[in-house]
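# Remarks on the overall topology
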Amino acid sequence: GQQLNQSPQSMFIQEGEDVSMNCTSSSIFNTWLWYKQEPGEGPVLLIALYKAGELTSNGRLTAQFGITRKDSFLNISASIPSDVGIYFCAGQRSNDYKLSFGAGTTVTVRA
Amino acid sequence: EAGVVQSPRYKIIEKKQPVAFWCNPISGHNTLYWYRQNLGQGPELLIRYENEEAVDDSQLPKDRFSAERLKGVDSTLKIQPAELGDSAVYLCASSSPLAGLTGELFFGEGSRLTVL
């Protein structure tokens, strides 16, 4: 079953606003990833984090790997309509191919 | 470069019927995964292949689910007989061996199964 808790579950935002979401786990992961899934599509990798405390940006996206290795945060700045979708966090342990996904945060952007 | 290709995109069947899903991974990707995504949830791993070998099938319900990757390229996931609770999106993903260890998976569009 799901080991990761994502919040919020959903959010409705105005175009141009910043978005923040987070993911927590009861266990430690060595890699944190953020994927985005649009309707009718498979998830697409946005950002990967490999070191505790790491802060990584990809365009308007910024993600952080929590110091405790039990959490991660994703921020989207100046949202645009194409940011609509479901954002999933995923954790991975060392030398393990398996990804454990959260239940997702659904983002809806109002123009 | 072509992405991961899955078919069919949609399938509606009655319970107790069999169903099969097909996946063609990205060329050169030795590692292939089948994930199941229930409504409102994230994907959950069913099985992972390295070439033609199923190296992790611990999450596959083996009483009714089976999978194969005979030549180490295409893969088929089968459910027989299907139950109402099998309604979900079945996602195929692939990665190169090293990228798989860093979580970099490439997913197909998925096959949405509805069991009536």
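One can find the structure itself at the top, above this paragraph.
Definitions and cut-offs
Residues numbered from 1 in each chain as written. Chains lettered and ligands numbered in written order. Predicted model: local features only at pLDDT ≥ 70, side-chain atom pairs only at ≥ 80, totals over all residues. Heavy atoms only, no water. Helix = DSSP H or I, 4+ residues; strand = E, 2+ residues; numbered from the N terminus. Buried < 20%, exposed > 50% of the residue type's maximum accessible area, 1.4 Å probe, protein only. Pairing = 2+ DSSP bridges. Axes fitted to C-alpha atoms, helices over the stretch in contact; angles between N-to-C directions. Contact = heavy atoms within 4.5 Å. Buried area = accessible area lost by both parts, 1.4 Å probe. Salt bridge = Lys/Arg side-chain N within 4 Å of Asp/Glu carboxyl O. Polar contact = N/O pair within 3.5 Å; in protein donor to acceptor, adjacent residues only side chain to side chain. Nonpolar A, V, L, I, M, F, W, Y, C, P; charged D, E, K, R; others polar.

The next thing to look at is unusual backbone geometry. Residues and elements named next belong to chain A. In the segment running from S7 into P8, the intervening peptide bond is cis, with an omega of -5°. Secondary-structure assignment places P8 in the loop between β1 (4-7) and β2 (10-14). Its identity is not glycine, yet A78 carries a phi of approximately 45°, on the positive side. Here A78 is to be found in the loop between β8 (71-76) and β9 (85-92). Accessibility expressed as a relative area gives 36% for A78, which makes it partly exposed.

Okay, the sheet that holds strand β3 (residues 19-24) of chain B next. Residues and elements named next belong to chain B. Spatial ordering of the open sheet is given by β1-β3-β8-β7, a layout of four strands whose pairing is antiparallel. On the outer flanks of this sheet lie β1 (5-7) and β7 (65-68), each paired with one strand and no other. Each strand axis lies, on average, 15° off the axis of its neighbour in the sheet, ignoring direction. Taken together, the four bridges between β7 and strand β8 (residues 75-79) define a ladder with antiparallel strand orientation. Bridge assignment links F65 to a residue of β8, and that residue is I79.

Before going further, it helps to spend a moment on the interface of chain B and chain A. Counting residues at the interface gives 25 residues for chain B and 22 residues for chain A. Both faces combined, the contact of chain B with chain A buries some 1,800 Å², and carbon together with sulfur accounts for 51% of it. The tally of links from chain B across to chain A stands at zero salt bridges. The interface formed by chain B and chain A includes eight residue pairs in polar contact (both at pLDDT 80 or more). Among the secondary structure elements, those contributing two or more residues to the side of chain B that touches chain A are β4 (31-37), β5 (44-50) and α1 (97-101) of chain B. Across the side of chain B that touches chain A, the residue classes break down as nine nonpolar, ten polar and six charged.

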